[in-house]
Amino acid sequence: MPLSRREFIKAVGGLALASLPPEAPAAGWCGADAHAAPLFVPRDRGFLGRLGLGEQALTLRAAALSARDSAPAGLTWGYVAQVGGRAYLNPTLVLHRDQRVRVDFVNGIDEPTIVHWHGLAVDSRNDGGGTTLAEPGGRYAYDFGARNRSSLYWYHPHPHGLTAGQVYRGMFGLVEITDEDESRLRAALDLVPGKSEIPLVLQDRRAEARYAATDADRMHGFLGENVLINGSACPYLDVETRIYRFRVLNASNARTYRLGWRTAAGTPVPFTLIGNDGGLFPAPRDCTDAYLASAERLDVLLDLSNLGVGDTLFLETRSFDPMHMEEATAAPPPDQAAPPVDHAAMGHTMPEVDHAAMGHAAPPADPHAQHAGHGGSFPEGTARALLQLRVRRKIAYRARVPAQLSSLPEIDLAQATERPLRLGFAKGRWRINDRVFAMGETPIEVKRNTVETWLIRNYFNSMPHAMHLHGFAFEVLERQTSPDPIAALKVDERGRLATDLGRKDTVLVWPGESVRVAIDFACPFPGDQTYMFHCHNLEHEDGGMMLGVKVS
Ligand code: C2O
Ligand code: CU
Ligand code: CU
C-alpha cells in the first residue's frame, strides 16, 4: 500500500531518532565485532570508475589482479582498462542512448570467457551469451549501438559452466545509459553521480577468495557470509539533508535480499522507487520493502531533508522465508519422497521459519553440506543491516520528486501468443520445461517482430528462480498464486509488486507462483539471432537451467 507523503514525513522526521555516536554501530550491523569503514564511492578512475565512451574503441582486458590494481579485498580477477593515463578496474561504462559502442576485449585469464552485456538489446554476435568464447590470450571485438532506455545495466562473463566462478572472483561492471528522461531527473533533483547519486553493488562473499562450490551450493546457490557494497565491508556514508539517489545492483551469485531502510531505533523508513532493470517508471512509487534477486536493479530515492545532524539510517536486508523446498523433490528414493509442499501449512505467513524442521539440511551425499549449503552463519532470509547513513551537515534543499519521470507504453497484446515455461528439478538438475541447456540447441523459437506472453510457472517443491532473458526487456503482466509474503506486497489487482513495474530483464519467480510477462520481439538485426533464457542464480545457470532462444 503506497504511503502518503505525510506518513513518510512522520516516519522520518517525527521520530526522536536515536542519534548514535558514529563509532557505535547499531546492534546487528555487520556482525558484532566488525569495524565500520567508509563506503567506497566510484570516481573517475579506479574500481567501478566512471568512463564515458566516445568514438574510440575501448580496450578491456580480463586479468588476474595484483596489488597495483587496488582491488577490494577478496577480488582476484577483474576487467582492467587504461584510458587517457587513468587506470580503471571494472569500469562503469557511461553511454548516451543510441551511441555506438566499440569494445576490444582481451582475455588475460587462464580460462575461456566472454563478456555479456546484461540487459542490452544487441544482436547475438555482440550479446556475449556464451555461444562464442575468447580463449585464454584471445580477443573479441564488440561493436553495437546502445539502443536501450536510460537505466543501470551491467556486464559480466558468460562462458557456460564457468560463469559463477568468474563473477565471484570479481568480474562484473556497470553500464549506465543516459537519455533525456535521465537528464531531466538529475536536473530536477540536483543529482550528481558520485555525490548525491550513488551506485550500490551488492555481493555476498565468503572469507575464501577461491570459488569452490559444493554439491549443496550447486543446488541452492553459492551464498557468502559477508555482504560487500562496492567492495566495502560494513560501510557507512556521510550524507547531507537532501534527496539521495541509490542505484542498486544485486551482483551476488545467488542471494536474494529484502531491502528496506530503517532508523537506528528500528522504525522502517519508506523510500521512493523510481525505476528498476529497464529504466525509470512513468511515475514514482512509495515503497517500504523490495526483494532484489541476483542481477536485478533498483533505482531508489531517499529523502533525508527532515533529518538532523547526527541522525543515522540503515539500509538493511529484512528477515524473510527463503522458500528453499527443493529437498522435497530431491529426496532420492521415491518411496521416501516428501509430499508436495503446502505453503499455508508450512507457515509461510510467519516471519520466522524453522529451517531444521523444514528439512533445509542439504542432501546427505555432500559431506560439506552441514555448514556450507545454506549460507553458513548468514542463511538467506536472515536480517542484517548493510549500510549506515550518517547525517553530517544540514543544508537548504527544496527540490521535489517530479510527478512524471518517463513515458512507457504498455506492450500491445492484441496478436500475442502464449508460451508456457515450467521451472523444476528432476534427475539432479534444475530444468526449464524439463530440459537442461545444450549448446547449439534452441528449444524456444520465436518469430521476429511478434509479441509473446510467457507464463513462467515454478513448482511448489522448488525454490525461487530469478529468470532472465537476453536481448529483450519484458513487461510483467501478472503474478498468480504467489506465496503469502509476496502477495502481501502486491500493488495492483494483478498481483504485481512495485518492483515489477516498468520494464524488466530479470524476474524472481517464487515456489508455487506463476508470473506472466509480455515480450515484444521487435528485432532490427538481419538473420537469425540466438539469445539465452536462464535462471540468474549463477550456480543454476552453470548447472544448465538455461535454454537457447532463436529469433528468426
Ligand atoms: Cu546477467 Cu545471461 O546474464
Ligand atoms: Cu543477460
Ligand atoms: Cu534458479
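Conventions and cut-offs
- Residues numbered from 1 in each chain as written.
- Chains lettered and ligands numbered in written order.
- Predicted model: local features only at pLDDT ≥ 70, side-chain atom pairs only at ≥ 80, totals over all residues.
- Heavy atoms only, no water.
- Helix = DSSP H or I, 4+ residues; strand = E, 2+ residues; numbered from the N terminus.
- Buried < 20%, exposed > 50% of the residue type's maximum accessible area, 1.4 Å probe, protein only.
- Contact = heavy atoms within 4.5 Å.
- Areas by Shrake-Rupley, 256 points an atom, 1.4 Å probe, with all protein chains shown as cover.
- Pairing = 2+ DSSP bridges.
- Axes fitted to C-alpha atoms, helices over the stretch in contact; angles between N-to-C directions.
- Donors = N, O, S within 2.8 Å, 3.2 Å for Na, K, Ca; no water.
- 1 Å grid on protein atoms, 1.4 Å probe; cavity = no way out; pocket = protein on both sides within 12 Å on 5 of 7 lines; lining within 4 Å.
- Points joined across faces, edges and corners; volume = space filled by probe spheres on them.
- Nonpolar A, V, L, I, M, F, W, Y, C, P; charged D, E, K, R; others polar.
- Phe/Tyr/Trp six-rings, centres within 6.5 Å; stacked < 30°, edge-to-face > 60°.
- Lys NZ or Arg CZ within 6 Å of the ring centre and 35° of its normal.
- Arc of directions from axis to C-beta.
- Core = buried A, V, L, I, M, F, W, Y, C linked by side-chain atoms within 4.5 Å.
- pLDDT = per-residue confidence, 0-100.

Quick look at the overall build of the protein chain now. Along the protein chain, the regular secondary structure elements total 9 helices and 35 strands. Residues counted as buried form 58% of the 552 residues belonging to the protein chain. Of all intrachain contacts in the protein chain linking residues separated by at least 6 positions in sequence, the fraction that spans at least 24 positions is 81%. Summed over all atoms, the accessible surface of the protein chain reaches about 21300 Å², with 52% contributed by carbon and sulfur.

Next up on the list: the sheet that holds strand β14 (residues 226–229). On the basis of which strands lie adjacent, the open sheet formed by 7 strands has the order β15-β14-β13-β17-β23-β20-β21 and mixed pairing. This sheet does not close on itself; its edge strands, each paired only once, are β15 (232–233) and β21 (279–287). Alignment of strand β17 (residues 243–250) against strand β23 (residues 297–303), held across 7 bridges, turns out to be antiparallel. When the bridges of β23 are listed, V248 appears paired with L298. The strands touched by helix α4 (residues 180–189) within the sheet are β13 (197–205), β17, β20 (271–276), β21 and β23, with β17 carrying the most contacts at an inclination of about 140°.

Distances from the copper ion (ligand 3) to its protein donors, namely H465 (ND1), C535 (SG) and H540 (ND1), fall within the range 2.0 to 2.2 Å. Each donor residue of the copper ion (ligand 3) belongs to the same chain, with the gaps between them written as H-x69-C-x4-H. Note that H465 is positioned in strand β30 (residues 465–469) and C535 in strand β34 (residues 529–535), a separation of 70 residues in sequence. Of the residues examined, H465 reaches a relative accessible area of 0% and is grouped as buried.

Another point: unusual backbone geometry. The backbone of N230 sits at a positive phi, close to 50°, despite the residue not being glycine. As for its placement among the helices and strands, N230 is situated in the loop between β14 and β15. A positive phi angle, close to 50°, is found at N433, a residue other than glycine.

With that out of the way, let us pick up the pairing of β23. Most of β23 sits inside the fold, with 7 of its 7 residues counted as buried. On β23, burial covers both faces: R297, D299, L301 and D303 on one face and L298, V300 and L302 on the other are all buried. In this structure, β20 lies alongside β23, joined through 3 bridges in antiparallel fashion. If you follow G275 over to β23, its bridge partner there is D299.

A few words on the coordination of the copper ion (ligand 2). Each protein donor to the copper ion (ligand 2) is listed here as H116 (NE2) and H468 (NE2); together their distances run 1.9 Å. With H116 in strand β9 (residues 115–118) and H468 in strand β30, the pair connects residues that are 352 residues apart, well separated along the chain. The pair formed by H116 and H468 is uniform in burial state, with each residue classed as buried.

Each pocket or cavity is described by its volume, and for the second largest pocket that value is around 490 Å³. If you go around the second largest pocket, you meet 24 residues; those closest to its centre are A121, R147, N148, F472 and A473. Tallied by class, residues from the lining of the second largest pocket come to 11 nonpolar, 4 polar and 9 charged.

Under the definition given, this model contains 20 aromatic pairs. Between Y244 and F246 the ring centres are 6.2 Å apart and the planes differ by 15°, which places this aromatic pair in the stacked class. A residue is classified by how much of its surface remains accessible, and F246, at 0% relative accessible area, is buried. Relative to W430, the ring of F425 lies with its centre 4.9 Å away and its plane at 70°, an arrangement referred to as edge-to-face. Among the aromatic residues, those joined into a ring-pair cluster are Y79, F105, W117, Y140, Y142, F144 and Y155. The ring centre of F314 lies 4.8 Å from the NZ or CZ of R262, which sits over that ring.

A separate point is the sheet that holds strand β35 (residues 546–551). If you trace the 5 strands from one edge of the open sheet to the other, you get β28-β35-β34-β30-β32, paired in mixed fashion. Of all strands in the sheet, those with a lone pairing partner are β28 (444–446) and β32 (506–509), marking the two edges. On average, each strand axis in the sheet is inclined to that of its neighbour by 20°, with strand direction left out of account. Here 4 bridges tie β30 to β32, and the two strands are oriented antiparallel to one another. The partner of M467 across the bridge, within β32, is V507.

The next thing to look at is α4. All of the buried residues in α4 are D181, E182, L185, R186 and L189. Seen along its axis, α4 keeps its buried residues to an arc of 130°; they face one direction. Set apart from the buried face of α4 by more than 90 degrees, the exposed residues are E180 and A187.

What follows concerns the nonpolar core. L200, F246, W261 and L389 are the most contacted members of the largest nonpolar core, which totals 36 residues. What L389 contacts, discounting residues up to four positions off in sequence, is L237, V239, F246, W261, L302, L304, D311, T312 and L313.

For strand β26 (residues 417–426) and strand β27 (residues 429–432), the ladder comprises 4 bridges, and the chain directions are antiparallel. Note that in β27 the partner of L423 across the bridge is I432. In sequence, β26 turns back onto β27 through a hairpin of 2 residues, with K427 there showing a positive phi of about 45°.

The subject of this paragraph is the confidence of the model for the protein chain. If pLDDT is low for a region, its predicted coordinates should not be looked at in detail. Per-residue confidence for the protein chain averages 88 on the pLDDT scale, and 85% of its residues sit at or above 70. Low pLDDT (under 50) marks residues 1–27, which in the prediction has 38 contacts with non-local residues, meaning those over four places away or in another chain. Every residue in residues 328–373 is under pLDDT 50, and counting partners more than four places away or in other chains gives 61 contacts.

Tracing the chain through its elements places L89 in strand β6 (residues 86–89). On the basis of relative accessibility, which here comes to 2%, the residue L89 falls in the buried class. Considered as a pair, L89 and R61 are 28 residues apart in the sequence and their alpha carbons are 9.5 Å apart. Apart from residues lying up to four places away in sequence, L89 is in contact with G46, F47, L48, G49, L65, D69, A71, G78, Y79 and V80.

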